[in-house]
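Chain and residue survey
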Amino acid sequence: MNDSGDDNSQGIIGNGFPPVLKMYAYDPGGLDGSLAHLLSAGIGISVTVVEARDGGHPLVIQAKSDPDRVHTEPVNDSASVRQALALPAGGIAVWSSPVDQAERIARHAMTLLDLEIARNDSKQLLAEVESLTNQVMQDFEELSLIRTLASSLELPQTAEDTDDFVLASLMPLVSGVGAVSIAAVLVEDSGDHKRRPLWTGPQVVGDEVIFDLIDDHAEELMQQPIVRNRNVGDGHCGAEGLEEYVMVECSSEGRLHGWVMACNRLQDDIDDVPWAQLGFTTVQASLMETATNQLAAQLNNIRLLRQKEELFTDVIRALVNAVEARDPYTCGHSERVASFARCLASKIGFTVAECERIYLTGLLHDVGKIAIPDGVLQKPNRLNEEERAIIETHTDSGWRILQELEALQDILPGVLYHHEHWNGKGYPDRLAGDNIPIDGRILAVCDAFDAMTSDRPYRKGMSIDRAITILNEGAGEYWDPNLIHVFSQHIDEIDEIRINHQPRQPAARPAPVNGLPIIGIPGFSVTGNMPSGSTSAQ
Ligand SMILES: [Fe+2]
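A brief structural summary. (Residues numbered from 1 in each chain as written. Predicted model: local features only at pLDDT ≥ 70, side-chain atom pairs only at ≥ 80, totals over all residues.)

Regarding the overall build of the chain
- Within the chain one finds 17 helices and 10 strands.
- Residues counted as buried form 29% of the 538 residues belonging to the chain. (Helix = DSSP H or I, 4+ residues; strand = E, 2+ residues; numbered from the N terminus. Buried ≥ 20, exposed ≤ 12 C-beta atoms within 10 Å, placed from the backbone.)

With respect to the nonpolar core
- Judged by nonpolar contacts, the single largest core of 35 residues is most densely connected at Ala341, Leu344, Leu364, Ile442, Val445, Cys446 and Trp479.
- Elements supplying a minimum of two residues to this core: helix H7 (282-324), helix H8 (333-347), helix H9 (352-364), helix H13 (412-417), helix H14 (438-453) and helix H16 (481-489).
- Top element by residues in this core is H14. It accounts for seven residues.
- Contacts of valine 445, omitting those with residues within four sequence positions, involve Leu344, Leu471, Trp479, Leu483, Ile484 and Phe487.
- Ranked by size, the runner-up nonpolar core spans 34 residues in total, among them Leu242, Met247, Trp259 and Phe280. (Core = buried A, V, L, I, M, F, W, Y, C linked by C-beta atoms within 7 Å. Contact = placed C-beta atoms within 7 Å.)

What to know about the sheet that holds strand S6 (residues 179-187)
- A sheet is described by the order of its strands in space; here five strands give the open sequence S7-S6-S10-S9-S8, paired in antiparallel fashion. Edge positions in the sheet fall to strand S7 (195-199) and strand S8 (226-229), since each has one partner strand and no second. Averaged over all pairs of adjacent strands, the angle between strand axes in this sheet comes to 20 degrees, irrespective of strand direction.
- This element, helix H4 (residues 162-177), spans S6, S7, strand S9 (244-252) and strand S10 (255-265) of the sheet and lies at about 145 degrees to S6.
- The strands touched by helix H5 (residues 207-223) are S6, S7, S8, S9 and S10; relative to S9, the strand with the most contacts, the crossing angle is about 65 degrees. (Pairing = 2+ DSSP bridges. Axes fitted to C-alpha atoms, helices over the stretch in contact; angles between N-to-C directions.)

Considering the environment of valine 445
- With respect to the helices and strands, the residue valine 445 is situated in helix H14.
- Under the C-beta neighbour-count criterion, valine 445 is labelled buried, with 26 such atoms within 10 Å.

Things to note about unusual backbone geometry
- Following tyrosine 427, the chain continues to proline 428 via a peptide bond in cis, the omega torsion being 10 degrees.
- Position of proline 428 relative to the elements: it lies in the loop between H13 and H14.
- Even without being glycine, glutamate 253 reaches a positive phi, approximately 50 degrees.
- Its location among the elements puts glutamate 253 in the loop between S9 and S10.

Focus: the packing of H14 against helix H15 (residues 464-474)
- Relative orientation of the contacting elements H14 and H15 amounts to 140 degrees, with a least axis distance of 10 Å. What the angle tells us is that H14 and H15 run oblique. The interaxial crossing formed by H14 with H15 has right-handed handedness. For the pair H14 and H15, the contacting residues are Val445, Ala448, Phe449, Met452 and Thr453 in the first and Ile464, Ala467, Ile470 and Leu471 in the second.
- For the contact of H14 with H15, the per-class residue count stands at eight nonpolar, one polar and no charged. (Parallel < 35°, antiparallel > 145°, perpendicular 65-115°, else oblique. Left-handed = near helix turned anticlockwise from the far one by under 90°. Nonpolar A, V, L, I, M, F, W, Y, C, P; charged D, E, K, R; others polar.)

What follows is the structure, given as structure tokens:
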């Protein structure tokens, strides 16, 4: 603060001015008005403020109040004073005659100045603390929101659950930003990329309004969130019912999932939050961006998960096709058994995930038949004892084929034990009653029902009534009596599945076009066999 370099120096300025003491040079920074008042009240002198040459705020103190003790000199020409004093920015000069009076006044003035500066520093410090406090509170709100979001995010099991997942993800954001409602406009992953709006609360404007806003701001939203407030002068929403909004693009890794929009500030919320004000601010925009980024990442995960599941299911189907291609007359058997089993499992209280497990098991329950010789597998007549022993190895073969696949561990019990009998006379391990894994018991019922009701080259499929009669006669001997009871109760639903089942027809291979293969191979052009980028034949 003391940088004048010539503190307490005494000198005479021209034009009849009294001796001058140049005092501390510092920058009171905007205190001039209040400081003049302070000095007037504090030491009983009047103060004239003149500008410094470099635009600072030096104070020229002119002692007037006690003419007996302090010689006063009116400052009529502040420009001359300014020039004569040659004060640095924020300098203070006190002049009087005799000089000791000036020294006394100057010391007093400097004490007051120091106090004022300290008070000003405290005010700035307090403002900074308040600003930091608000920032910390906002950060805390943001972290709380992220934590709430993270704890509520469980990836949906099916595509149909995605809407519920998105809405559940956005619900914490409603209170987080203090919005009346939040809209998510999702872009359909396939087809024509149709936009699908979802609302966490009341729909405050029509879908078309939201779509128009997205179209208007799409490019800007690629860069940053937008905030529009009708009543606070930074934009007009232009739609009845939409007072203010924040809109954020929901994208991840270059893939656009949609947009999220907070509509209308919840008025009740404004009184509760110290930094809240009418309309939305960058604070809410930041929260929206954070939550939406998290949602976008999760939607990306869901998409990747679905792709993997589809690939997995396709591979399973290919495996099933490989088995059924050996015996065209059993075409569709695995899918029908899988569908019956899923239905029966749901009737006995299996969860959605458990039902999907039993469906998958049904698809693969006979995969071991791939190891059975054609002569045995396709024999139309009754099998002899040796052939029966061979066919009975298909449960073990199925287990061996699948047991190394980590993702299929859950289906091994059903594959291995779907030919066990309730009375303990089945195969491969002669398990009995409740010792037979439930998946095996379910599949045993469904497998038998489909075998009885399907047409074979050597016989016509039997009627549903006849099949149910046989199943009930064998309950407690071959099959779990409780399952037979439930199966019989829902036979109409099971039969509907059977009637509506359409065996998958293998796709016909497309013919070459103009003598060229029509299937593109990665790294190769579609119209030739040269690797793309290659310039000469090898
Ligand atoms: Fe089987």
